[in-house]
Amino acid sequence: MVGKSVVTLDDLSTNQILELLHKAEYIDAHRKEVSHTCEGRVLATLFYEPSTRTRLSFETAMLRLGGKVIGFAGAQLASVTKGESISDTLKTVSNYVDVVAIRHPKEGAALVASRAASVPVINAGDGGHMHPTQTLADLATLQSRFGRITNLTVGLCGDLTFGRTVHSLIETLCRFGNVRFVLISPDELKTPQYVIDRINATPSCSYVEVRDLASVIGDLDVLYMTRVQKERFFNEDDYLRLRDTYILDEDKLSLAKPDMAVLHPLPRVNEIAVEVDDDPRAAYFEQVKNGMLMRMALESSVVGDELPGYEPLNPKEVQA
Amino acid sequence: MVGKSVVTLDDLSTNQILELLHKAEYIDAHRKEVSHTCEGRVLATLFYEPSTRTRLSFETAMLRLGGKVIGFAGAQLASVTKGESISDTLKTVSNYVDVVAIRHPKEGAALVASRAASVPVINAGDGGHMHPTQTLADLATLQSRFGRITNLTVGLCGDLTFGRTVHSLIETLCRFGNVRFVLISPDELKTPQYVIDRINATPSCSYVEVRDLASVIGDLDVLYMTRVQKERFFNEDDYLRLRDTYILDEDKLSLAKPDMAVLHPLPRVNEIAVEVDDDPRAAYFEQVKNGMLMRMALESSVVGDELPGYEPLNPKEVQA
Amino acid sequence: MVGKSVVTLDDLSTNQILELLHKAEYIDAHRKEVSHTCEGRVLATLFYEPSTRTRLSFETAMLRLGGKVIGFAGAQLASVTKGESISDTLKTVSNYVDVVAIRHPKEGAALVASRAASVPVINAGDGGHMHPTQTLADLATLQSRFGRITNLTVGLCGDLTFGRTVHSLIETLCRFGNVRFVLISPDELKTPQYVIDRINATPSCSYVEVRDLASVIGDLDVLYMTRVQKERFFNEDDYLRLRDTYILDEDKLSLAKPDMAVLHPLPRVNEIAVEVDDDPRAAYFEQVKNGMLMRMALESSVVGDELPGYEPLNPKEVQA
């Protein structure tokens, strides 16, 4: 993976993803041992739109590996532009750092960046497009809760039309196979056809589409909740009518399996009641931790620094 | 103190405050020895309103202990909100860091943060409410100038109504006792009754209220100047009339004791003439240094890292 | 150079500049060896106006020497001001850090800062005035391309009226002597008289002024391109008419010497066609690297940290 840019998850093979999951588990169990892995390295976080949560995760990941961080975020970017192209900025920053995490409002910006840079570029979100490390955080949460990312019944609930994290998770789980998807949404916010096509093209996967969370929650191993983002709607009435439709609370959760895992890409507004936070099934703050661990795994891998004491996975054994 | 959040100074016992003062002195004399104390630690500075001076002090403190820093400040916070609660942000950030310094415009925000976080939270100012590390900086300055924080005549001058640093300093000095307060302000900006009550409830402390600085300056061991903040006033005329009333210059200073210490929480506007800066009695830039040292003492204490070579104070001996 | 502030390049002797060039070359060849040089040091980047590219260069320089960084940039500065003077800010920050890089929109701000600070201050640009480390980056690029900064024919092209980097480079090259300047600009954007006077006052230097790039490009060792900044113009028509006049593309470049070096202070808009980037004569992204290396040389020198294994230059030998 050394030198590799990760613009979409298709840039990583399934074996590489399994390796990253294995590394993340190792890192979590060996925090002290890995804390000098990236000494002398510098990460640039180039955030052309603010996304504090994601930025802090990328930065903490590098700092906890012993590396350092430079960057800009949102409000500071005026000076970067002055008419300068993303390519020129990346050619410049390549002189400063060993790896870049870029966030940009325009689709395709991360790809352009990766082609101009002479160091690996990790996409931290470009437009409504791709955000591969969020999906890696999701996978790591399944891995840590179930010891596997296959043979699961995965419910996805809420805004399945605009939620890019949902689409990316479905597509990636299809690459590994053996998942039953339960797609829970109002008619107005159903899963796009290209995602359905992806499931249909995967013999070992299947799906159902339903409107009602309570009626299916008992079947699920995983419930992936999503935020209904106001900014995705064209008019406020639609937003207000649908916003509260799919709220998870202790009542609904009482119908679920005792080891179901509740995920959410965060931030939440009110789609998960705060009372759920103390339920052992709530996995969404663990997901934050797993996001950081996967970014540690990814950052150390693409700059080519070995984790001390780490033994690489033999993917054949794991998949057997 | 390990794991302790500090929302107000009441979260610290008098012995713990004395210990911090002792640690700050040790740190100042052993900069190099303590420079790896917090290696592997990460501080988050979550500044929901800008306060660059305070933020830089918290950050430098952690960096000079060998730790690292992530965070956001003012303009970058848009993305943090997206409707997210402070509690959720703290639950998220608790996965990244070992200690949090939070600044927020709303009173009570730091308390909410400390309850949600699984790591210690230090209040870096919430509304007009509390700013405990500023008071620690003030105490450290008395300690370094006089070798004690009791048996002093402490003048406080300027805006005694709105100046929260003044109220916090008076209340904290009352906990240690044996202080004579000289409260110097125009009638419009007198000390609030609840602070007066606090002094009255302390048998070993006393106060006088006066309007004129020059007439009392000769009695003082400490002169704590405050800024008359324009934003505290309801109309500009009141501000302009009072702003220049209590300016300290070399003329007034010539009436003071040769070892009086002039403190100021900074930033100043014109309430201390620049000519005073070179007077050995000027202690306000030392106060900045002491603020950093106290934050080093506090940050290392709450994360549970021992200062190499440091011998804990026996509080009984010190207070005897 | 220990403890020295650098407000303009006149603060450095020619021997000190040669020493910095020598150090930069050493640093580039010994990245790993120098990576702990400034351990325990802290740099403050005080950017009163945003200049992300410059800020990241100063910061990376300190990080790659093993030091740490605090600071603010543009949007965060509101709180710094609150009526506070630059002098007070510098007296405050002097308690936190070992060296300051300051950027400010007003001419003279860096000088004021350097007088108030008790640590070295490096000017990272003040108004249209001075930006000494940009010129150091330019010199380092000549040094690395030609092994010398004298005996060169240096073309400067584009906006020679407002481009302060051009004026600073000319003046500094005049201090070393033996340069032939070719000043290429439209009549509206000619070199100011005080710069011409500087060349005239240097017996070993000469200049010609021309309007046409293509007719002189074959004579040049160095072609320094500049951006025609929209904000320098009083009306848009003038800007549009002149903007595209002096664009360097492969056609023009085919007339140049095979070892000519193309420099540009960046960011570029369209004054150098992207096709030129892959030409070995393009040196403008190297210039970025050299800027970082010179800042490493300068930062380590003014804080007084020796580069491990570095042998100081004997200036007499070099100039002989």
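Thresholds, definitions, all that
Residues numbered from 1 in each chain as written. Chains lettered and ligands numbered in written order. Predicted model: local features only at pLDDT ≥ 70, side-chain atom pairs only at ≥ 80, totals over all residues. Heavy atoms only, no water. Helix = DSSP H or I, 4+ residues; strand = E, 2+ residues; numbered from the N terminus. Rg over C-alpha atoms; globule rule 2.2 N^0.38 Å. Buried < 20%, exposed > 50% of the residue type's maximum accessible area, 1.4 Å probe, protein only. Contact = heavy atoms within 4.5 Å. Areas by Shrake-Rupley, 256 points an atom, 1.4 Å probe, with all protein chains shown as cover. Lys, Arg positive; Asp, Glu negative; His and termini not counted. Charge placed at Lys NZ, Arg CZ, Asp CG, Glu CD. Pairing = 2+ DSSP bridges. Axes fitted to C-alpha atoms, helices over the stretch in contact; angles between N-to-C directions. UniProt positions renumbered as here; feature names shortened; annotations may be inferred. Least-squares fit on C-alpha atoms with pLDDT ≥ 70 in both. Parallel < 35°, antiparallel > 145°, perpendicular 65-115°, else oblique. Left-handed = near helix turned anticlockwise from the far one by under 90°. Nonpolar A, V, L, I, M, F, W, Y, C, P; charged D, E, K, R; others polar. Buried area = accessible area lost by both parts, 1.4 Å probe. Salt bridge = Lys/Arg side-chain N within 4 Å of Asp/Glu carboxyl O. Phe/Tyr/Trp six-rings, centres within 6.5 Å; stacked < 30°, edge-to-face > 60°. Lys NZ or Arg CZ within 6 Å of the ring centre and 35° of its normal. Domains from an automatic or database assignment. Polar contact = N/O pair within 3.5 Å; in protein donor to acceptor, adjacent residues only side chain to side chain.

**Student:** Could you give an account of the overall build of chain A, naming the residues involved and the relevant values?
**Tutor:** Along its length, chain A carries 13 helices and 9 strands. Taken over the C-alpha trace, chain A has a radius of gyration of 20 Å; the compact-globule value for 320 residues is 20 Å, and the two agree within 12%. Judged by the C-alpha coordinates and their principal axes, chain A covers about 55 × 50 × 40 Å. Residue burial in chain A is summarised as follows: out of 320 residues, 63% are buried. Look at the contacts in chain A between residues 6 or more apart in sequence, and 74% of them connect residues 24 or more apart. For chain A, the accessible area works out to roughly 11800 Å², and carbon and sulfur atoms hold 48% of it. Between the averaged position of the 34 positive side-chain charges in chain A and that of its 44 negative side-chain charges there is a distance of 4 Å.

**Student:** Tell me what's going on with the sheet that holds strand E2 (residues 68-73) of chain A, and back it up with residues and numbers.
**Tutor:** To summarise the sheet geometry, strands pair through backbone hydrogen bonds and adopt either a parallel or an antiparallel arrangement. Residues and elements named next belong to chain A. Judged by pairing direction, the sheet is parallel, and its 4 strands sit side by side in the order E2-E1-E3-E4 without closing on themselves. Taken across any chain shown, the strands that pair with only one partner, and hence form the sheet edges, are E2 and strand E4 (121-126). Direction aside, the axes of adjacent strands within the sheet are offset by 10° on average. Of the strand pairs in this sheet, strand E3 (residues 99-104) and E4 are connected by 4 bridges, and their pairing is parallel. For His-104, the partnering residue across the bridge sits in E4 and is Asp-126.

**Student:** So what's going on with the UniProt feature "binding site: carbamoyl phosphate" (unreviewed entry) in chain A? Residues and values would help.
**Tutor:** All names here are of chain A. Following the UniProt record, one finds the feature "binding site: carbamoyl phosphate" (unreviewed entry) at Arg-53, Thr-54, Arg-103, His-131, Gln-134, Leu-266 and Pro-267. Note that Arg-53 resides in helix H2 (residues 52-64). Looking at where Pro-267 falls in the secondary structure, it is placed in the loop between strand E9 (261-263) and helix H12 (284-303). According to the relative accessible area criterion, Pro-267 is buried, its value standing at 7%.

**Student:** Help me get a handle on the sheet that holds strand E6 (residues 179-184) of chain A, residues and values and all.
**Tutor:** Residue and element names in this part refer to chain A. Spatially, E7-E6-E5-E8-E9 is the arrangement adopted by the 5 strands of the open sheet, whose pairing is parallel. In the strand order of this sheet, the two ends are held by strand E7 (206-210) and E9, each with one partner. Here the average twist between neighbouring strands, direction ignored, is 20°. With respect to the sheet, helix H6 (residues 132-146) is in contact with strand E5 (152-157), strand E8 (222-225) and E9, its orientation differing from that of E9 by roughly 170°. Strand contacts of helix H8 (residues 193-200): E6 and E7, with the helix running at about 145° to E7, the strand carrying the most contacts.

**Student:** Any details on the relation of the copies chain C and chain A? Residues and values, ideally.
**Tutor:** In screw terms, the move from chain C to chain A is a rotation of 120° and a rise of 0.1 Å along the axis, fitting with an RMSD of 0.0 Å. Here the transformation between the copies is reduced to the relation of a three-fold axis. Taken as a fraction of all interface residues of chain C, those also at the interface in chain A reach only 7%, which identifies the copy contact as different-surface.

**Student:** Quick rundown of the packing of helix H4 (residues 86-93) of chain A against helix H5 (residues 109-116) of chain A? Include the residues and the values.
**Tutor:** Residue and element names in this part refer to chain A. Interaxial distance between H4 and H5 falls to 8 Å at its minimum, and their mutual angle equals 45°. It follows that H4 is oblique to H5 by the angle criterion. Between H4 and H5 lies a crossing of right-handed hand. Along the contact surface, H4 presents Ile-86, Ser-87, Leu-90 and Lys-91, while H5 presents Ala-109, Val-112, Ala-113 and Ala-116. For the contact of H4 with H5, a count of residues per class yields 6 nonpolar, 1 polar and 1 charged.

**Student:** Would you mind going over the interface of chain C and chain A in detail, with residue names and values included?
**Tutor:** Each partner contributes to the interface: chain C provides 27 residues, whereas chain A provides 21 residues. Carbon and sulfur atoms make up 51% of the surface buried where chain C meets chain A, a total of about 2200 Å² over both sides. In this assembly, chain C and chain A are joined by 4 salt bridges. Put simply, Arg-268 of chain C and Asp-88 of chain A hold a salt bridge, and the shortest N to O gap is 2.5 Å. The set of elements that each furnish at least two residues to the side of chain C that touches chain A consists of helix H2 (52-64) and helix H12 (284-303) of chain C.

**Student:** Describe in detail the relation of the copies chain C and chain B, supporting the description with residues and values.
**Tutor:** Rotating chain C by 120° about the axis while translating it 0.0 Å along that axis superimposes it on chain B, leaving an RMSD of 0.0 Å. Looking at chain C, a mere 10% of its interface residues are interface residues in chain B too, so the copies touch through different faces.

**Student:** How would you sum up the packing of aromatic side chains? Please name residues and give values.
**Tutor:** Evaluated as defined, the whole model comprises 9 aromatic pairs over all chains. Between Tyr-284 of chain C and Phe-285 of chain C the ring centres are 5.4 Å apart and the planes differ by 55°, which places this aromatic pair in the tilted class. Grouping residues by exposure puts Tyr-284 of chain C and Phe-285 of chain C together as buried. Across the ring face of Phe-58 of chain A, the terminal group of Arg-295 of chain A is positioned such that the distance to the ring centre comes to 4.9 Å.

**Student:** Help me get a handle on the domain arrangement of chain A, residues and values and all.
**Tutor:** Residue and element names in this part refer to chain A. Examined at the domain level, chain A breaks down into domain 1 (9-130 + 291-308) and domain 2 (133-287). Here the C-alpha centre of domain 2 lies 26 Å away from the C-alpha centre of domain 1. Tallying the contact residues gives 25 residues for domain 1 and 17 residues for domain 2. Considering only the side of domain 1, the residues that lose the most area to domain 2 are Leu-9, Leu-21 and Arg-53, jointly responsible for 29% of the buried surface there. For the interface between domain 1 and domain 2, the tally reads 1 salt bridge. Across the pair Arg-175 and Asp-10 runs a salt bridge whose closest N-O atoms are separated by 3.7 Å. Viewed at the interface, domain 2 and domain 1 are joined by 5 residue pairs in polar contact (both at pLDDT 80 or more). Those elements giving two or more residues to the side of domain 1 that touches domain 2 turn out to be helix H1 (14-29), H2, E4 and H12. At 6 residues, H1 tops the list of elements feeding residues into the side of domain 1 that touches domain 2.

**Student:** So what about the environment of Asn-235 of chain B? Which residues, and what values?
**Tutor:** Mapped onto the elements of the fold, Asn-235 of chain B is located in the loop between strand E8 (222-225) and helix H10 (236-243). Between the C-alpha atoms of Asn-235 of chain B and Pro-258 of chain B, which are 23 residues apart in sequence, the distance is 39 Å.

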